[in-house]
Amino acid sequence: MSYPIEVALRYLGSKKRAFISVGTTFAILGVALGVAALATVMSVTGGFQAEFRDKVLGVNAHVLVIKYSTDFREYRSVMDQVAQVPGVIGVAPFSINPMMLTHGDATATGVLVKGVDPARSLGVGTDGGVPVLDLPRHILPGGDLTGLRRPGAKPPERAAPPSLPDVPSIDVDAGARGALEPPDAGAELDLLKAYEARIQEDERAAAARNAGAEPEPEPSAVDLEGAADAGADEGEEAEVAVAAGAPRGAIEPEGGYGSVLPEDDELPAEVDPDPCADKEQIAKMPGIVIGAALAKNLSLDLGQCVTVTSPTIGFSFSNGTIKPPVAKRFRVIAIFEAGFEQYDTKLAYADLYETQAFYDHGDTVTGVEMKVDDIDNASTIAREISKLLSNGLYYTMDWEELNHGLFTALRIQQIGMSAVLALIIVVAAFTVIATLIMVVLDKKKEIAVLKAMGATDGAILRIFLYQGGIIGVAGTTLGLLLGVAVCKGLLVYGFPLDPKVYFISRLPVQARPQEFLITGCIAILICLAATIVPSLYAARLRPAEGFRAQ
């Protein structure tokens, strides 16, 4: 061991004056607290990123291909193309639309019902296949995804466009008449003639009454239709024939006119049967998977019936026809809990064929989703797929781009908080500077003696560099150990969070060794940089200046 290190250790443990040791202790504690705070914050912010990534990838795929048009019927050929891209291990179609879910008196609006292929997306009924989604590992106990697709289900047929009306034929005399006659032109003409005959008959009856003679009835078109006027002769009342057994006179209901109608206009079960009340009919319904929070809001449990309605106000115009809102009943076969409040309350999964039936587009989807072998390489694979489908009809995005705002905010938060907390280490570095300056001022005579004995400026410089480095290493080691203890405590006991605000229920912590290593290196470098000024001052000190006060 060289004498600069021995002298540096002696100055740290000097017992001649107690305040030097106390100052060194406070310098070490300052560095330790700064390192512990920075390591803990980096672990927590990294935990938020990892937690949100797991939540997002738990219910979403890694890469998406979406068509700019709503008519995506060629999705099977697109799936065959993207499946050949290196790194893609699973491909599946999907459709997603906002719906309204109703159970009893409870209603949830704005729920995204995602239509998936049970085999490709969830791995139902496949042996060794890689499912695109990780939803099965989020299913709560008791759920079963095998009933998601009904036996014999097929994609819906595309609605045929409405037929155009027949073109009326043009007569040779159309030009002479000046216009085409509508199909019911003859009926309107007969009606006009009947009105004219009725007017003429009334005029003759009035003239006969004025002359005092009975008019002779003449047959008319009105008589043939049975529309004779009963009040043609004043003072005479037509005798009305009453059917046998018909009621006569005033009729009053049994309860009288003071009876009260029921408040709820409910039809009896034999008139309007409820399919959700019949277990046999519920067993025949298609399956649906909903989030745990959504099931709680709707008071739903496994095996119960829920009504899914397309969120259209009134009638809608689709493919040339006017259609009312579509409502279908589903059976809850499973409940998932992703741990992300936004997904647990606003997301549901159903069979792709069932969701396609809500619209008249036939066998069309929203897009194609893929799973890759390395999620960190998803952006590169997305660019390769975009080049493969570079015809201007499709748009490709990866999981990070799909949630760009969320992960960008988390990254900025991590960088900002780390930069702010790194200032604690900088403040501790000023404590190291103050400690070394006090040591230099107190050891002027010893430094002068060392120089008089032949010590070089470099040796004196290394003495105080070693002293600052020892303070930095000791403080960094203590701080890293303290940071690990804090992270372990947060993992064991768990700090509760409001899921409505943070979307997760517990404070996530991910202690990664590389982050702790980076934090320790930065702290040691700051401490070494803080020792430069006092060390240079001690190295440039002349022996005569050290003995001047004696």
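Note that the structure is predicted; figures quoted are calculated from it, not measured. (Residues numbered from 1 in each chain as written. Predicted model: local features only at pLDDT ≥ 70, side-chain atom pairs only at ≥ 80, totals over all residues. Heavy atoms only, no water.)

Colleague: I'm lost on the overall build of the protein chain in this one. Help?
Modeller: Within the protein chain, the secondary structure is distributed over 20 helices and 11 strands. Each of the 550 residues in the protein chain was classed as buried or not, and the buried ones make up 37%. Considering only intrachain contacts with a sequence separation of at least 6, the fraction spanning at least 24 residues in the protein chain is 78%. For the protein chain, the accessible area works out to roughly 32100 Å², and carbon and sulfur atoms hold 59% of it. (Helix = DSSP H or I, 4+ residues; strand = E, 2+ residues; numbered from the N terminus. Buried < 20%, exposed > 50% of the residue type's maximum accessible area, 1.4 Å probe, protein only. Contact = heavy atoms within 4.5 Å. Areas by Shrake-Rupley, 256 points an atom, 1.4 Å probe, with all protein chains shown as cover.)

Colleague: What am I meant to see in the pattern of salt bridges here?
Modeller: Think of it this way: side chains of opposite charge can pair up when their charged atoms draw near. Summed over all chains, the structure comprises 11 salt bridges. As a salt-bridge pair, D376 and R53 come within 3.9 Å of each other at their nearest N and O atoms. Here the residue D376 occupies a position in the loop between β10 (367–372) and α12 (378–388), and R53 occupies one in helix α2 (residues 18–59), the gap between them amounting to 323 residues. Between R411 and E400 there is a salt bridge, and its shortest N-O distance comes to 2.7 Å. Residue R411 is located in helix α14 (residues 404–442), and its partner E400 is located in helix α13 (residues 399–402); the two are separated by 11 residues in the primary sequence. For R411, a relative accessible area of 37% puts it in the partly exposed group. Residue class for E400 comes out partly exposed when judged on its relative accessible area of 28%. Taken together, the shared-partner salt bridges in this structure form one network comprising R150, K328 and E354. (Salt bridge = Lys/Arg side-chain N within 4 Å of Asp/Glu carboxyl O.)

Colleague: Teacher, can you tell me more about unusual backbone geometry here?
Modeller: With the exception of glycine, most residues fall at negative phi, and the peptide bonds are largely trans. The phi torsion at S299 lies on the positive side, around 55°, for a residue other than glycine. Here S299 lies in the loop between α9 (292–297) and β5 (305–309).

Colleague: Help me understand the packing of aromatic side chains in this model?
Modeller: The way to describe two aromatic rings as a pair is by their centre distance and the angle between their planes. Summed over all chains, the structure comprises 4 aromatic pairs. Seen in terms of ring centroids, F72 and Y394 are 5.5 Å apart; in terms of plane orientation they differ by 45°. Their pairing is tilted. Here F72 is found in the loop between β1 (63–67) and α3 (75–82), whereas its partner Y394 is found in strand β11 (residues 394–398), with 322 residues between them in sequence. Each member of the pair, F72 as well as Y394, carries the same accessibility label: buried. Seen from the ring of F94, K114 lies directly overhead, with NZ or CZ sitting 5.2 Å from the centre. For the cation-ring pair, R149 lies above Y353, with the distance from its terminal atom to the ring centre recorded as 3.9 Å. (Phe/Tyr/Trp six-rings, centres within 6.5 Å; stacked < 30°, edge-to-face > 60°. Lys NZ or Arg CZ within 6 Å of the ring centre and 35° of its normal.)

Colleague: I'm lost on α12 in this one. Help?
Modeller: Since the α-helix advances by 3.6 residues per turn, residues separated by three or four positions end up pointing in the same direction. Taken as a whole, α12 has its buried residues at A378, I381, A382 and I385. Looking straight down α12, one finds that the buried residues subtend no more than 105° of arc, so they occupy a single side. The inward-facing, buried residues of α12 abut β1, α3, β2 (88–103), β10, β11 and α13. (Arc of directions from axis to C-beta.)

Colleague: Could you clarify how one ought to interpret the nonpolar core in this entry?
Modeller: With 60 residues, the main nonpolar core has V289, F336, Y349 and I385 as its most contacted residues. Looking at this core element by element, the count peaks at 7 residues for α2. (Core = buried A, V, L, I, M, F, W, Y, C linked by side-chain atoms within 4.5 Å.)

Colleague: Can you help me understand the packing of helix α16 (residues 457–493) against helix α18 (residues 513–530) in this one?
Modeller: Helix-helix packing: each pair is described by the crossing angle between the helix axes and the interaxial distance. Two elements in contact, α16 and α18, have axes whose closest approach is 8 Å; the angle formed by their N-to-C orientations is 150°. It follows from the interaxial angle that α16 and α18 lie roughly antiparallel. Helix-helix and strand crossings are classified by hand; for α16 and α18 the assignment is right-handed. Here L465, G468, G469, G472, V473, T476, L480, G483, V484 and C487 of α16 lie close against α18, whose contacting residues are F516, G520, A523, I524, C527 and L528. Grouping the amino acids of the contact of α16 with α18 by side-chain chemistry returns 10 nonpolar, 6 polar and no charged. (Axes fitted to C-alpha atoms, helices over the stretch in contact; angles between N-to-C directions. Parallel < 35°, antiparallel > 145°, perpendicular 65-115°, else oblique. Left-handed = near helix turned anticlockwise from the far one by under 90°. Nonpolar A, V, L, I, M, F, W, Y, C, P; charged D, E, K, R; others polar.)

Colleague: I tried to follow α16 on my own but got confused; where do I start?
Modeller: Helix length check: α16, at 37 residues, gives a terminal C-alpha distance of 54 Å against a target of 54 Å (1.5 Å per residue), a fit within 8%. Following α16 by one or two positions, G494 has its phi on the positive side, about 75°. (Expected span 1.5 Å × (residues − 1).)

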